[in-house]
Amino acid sequence: MRYINFENINVNPEWCFKNVRSVEQWTHGYHRYPAKFLPNIVKKLIEDYAINNGTIADLFAGCGTTLVEAKIHGLASIGTDINPVAQLITKIKTNPICPTLLEETFKYLTESFSLFNAETYKNIELHERIDYWFRPEEKQKIAFLYEQILLINDENSKNFFLVCLSHILKNCSRWLQSSTKPQIDPKKNISEPFYIFELHCKKMIAKNAEFYKELLYKNFINTPCEIKLEDARNTSIESDSIGTIITSPPYVTSYEYADIHQLTG
Ligand SMILES: C[S@@+](CC[C@H](N)C(=O)[O-])C[C@H]1O[C@@H](n2cnc3c(N)ncnc32)[C@H](O)[C@@H]1O
């Protein structure tokens, strides 16, 4: 057996991203996700190994970091993930929406907040798991927001706001956010759903506009990008159709994905 002494390996500064804050660039900050790639690592891998090398694939695409970076580099990409929420987030992160359309829909949504009447939701259906995590006052407002979003006609805009709603669920619940295990935070300062939804929407809308503008400018807006809901062990991606694979498989022993996703999945 050969042992490697890591002390003797020189650090290559090209791979040091200590002072680079890329996690909020483009659409990367839309939604939290366990064990997300650092976008700069993917960017460097693409620039060093994937330019002019065909389609990029990520078989465990998660929230789509690889696909977003592929798109901003004008490279076709395909991703797969077994989690439908991951697929939804990736779809929205990789396909920016016309900013004017999004602003109009956002205005309609925020105006609808004044229609909320807690009385209407007093007898909302009980649910053992939802009621464990949410207090009635937040649950009622989230139910209202969900109904309003479902009224949106444009499918992409509807999904955009669903991703935003999914992201704020933990803030509006009793979930202990500093932990990777699902547990109640008895001292939590729970966020007011309308306030935090509006705040996160504004952030996502600004990032959507930046990404949209940059892709238009570079003529990459129609660069192909597909995200499939499927099991990587039985992939439909054809042999020899991919130039580069950039992926990080599930950390089976460190993350209970089903547990962690129970609020958003
Ligand atoms: C480490 S995460 C990938 C995170 C991703 N690199 C990102 O930046 O968001 C691993 C992903 O593998 C997915 N996964 C687990 N088992 C899978 C399977 N059999 N087929 C496809 N995806 C799977 C999980 O849903 C999770 O999204």
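First things first, this report covers the structure right here in the doc. (Residues numbered from 1 in each chain as written. Predicted model: local features only at pLDDT ≥ 70, side-chain atom pairs only at ≥ 80, totals over all residues. Heavy atoms only, no water.)

### Comments concerning the packing of aromatic side chains
Next up, step 1: The final tally for this structure, using the stated rule, is 15 aromatic pairs.
Next up, step 2: Ring geometry for Phe 116 and Phe 194: centres 5.6 Å apart, planes at 90 degrees, overall edge-to-face. Of the two residues, Phe 116 sits in the loop between helix H4 (99–112) and helix H5 (128–133) while Phe 194 sits in helix H8 (residues 193–218), which places them 78 residues apart along the sequence.
Next up, step 3: Take Phe 116: its relative accessible area is 18%, and that puts it in the buried class.
Next up, step 4: Pairwise contacts between aromatic rings join Tyr 30, Phe 106, Phe 113, Phe 116, Tyr 121, Phe 144, Phe 160, Phe 161, Phe 194 and Phe 197 into one cluster.
Next up, step 5: Over the ring of Phe 194 we find Lys 141, and its NZ or CZ is 5.1 Å from the ring centre. (Phe/Tyr/Trp six-rings, centres within 6.5 Å; stacked < 30°, edge-to-face > 60°. Helix = DSSP H or I, 4+ residues; strand = E, 2+ residues; numbered from the N terminus. Buried < 20%, exposed > 50% of the residue type's maximum accessible area, 1.4 Å probe, protein only. Lys NZ or Arg CZ within 6 Å of the ring centre and 35° of its normal.)

### Considerations on helix H7 (residues 155–168)
Next up, step 1: Here H7 contains 14 residues, and its C-alpha end-to-end distance of 20 Å stays within 8% of the 20 Å for a straight helix at 1.5 Å per residue.
Next up, step 2: Extensive coverage of H7 is indicated by the burial of 12 of its 14 residues. (Expected span 1.5 Å × (residues − 1).)

### Overview of the site of the ligand
Next up, step 1: Neighbouring residues of the ligand: 22 residues in total, closest Tyr 33, Phe 37, Thr 65, Asp 81 and Ala 232.
Next up, step 2: Contact distances for the ligand include 2.9 Å between a nitrogen atom and a side-chain N or O atom of Asp 231.
Next up, step 3: Note that a nitrogen atom of the ligand is positioned 3.3 Å from one of the side-chain N or O atoms of Ser 248.
Next up, step 4: Out of a free accessible area of 600 Å², the ligand has 94% covered by protein chains. (Near = heavy atom within 4 Å. Polar contact = N/O pair within 3.5 Å; in protein donor to acceptor, adjacent residues only side chain to side chain. Areas by Shrake-Rupley, 256 points an atom, 1.4 Å probe, with all protein chains shown as cover.)

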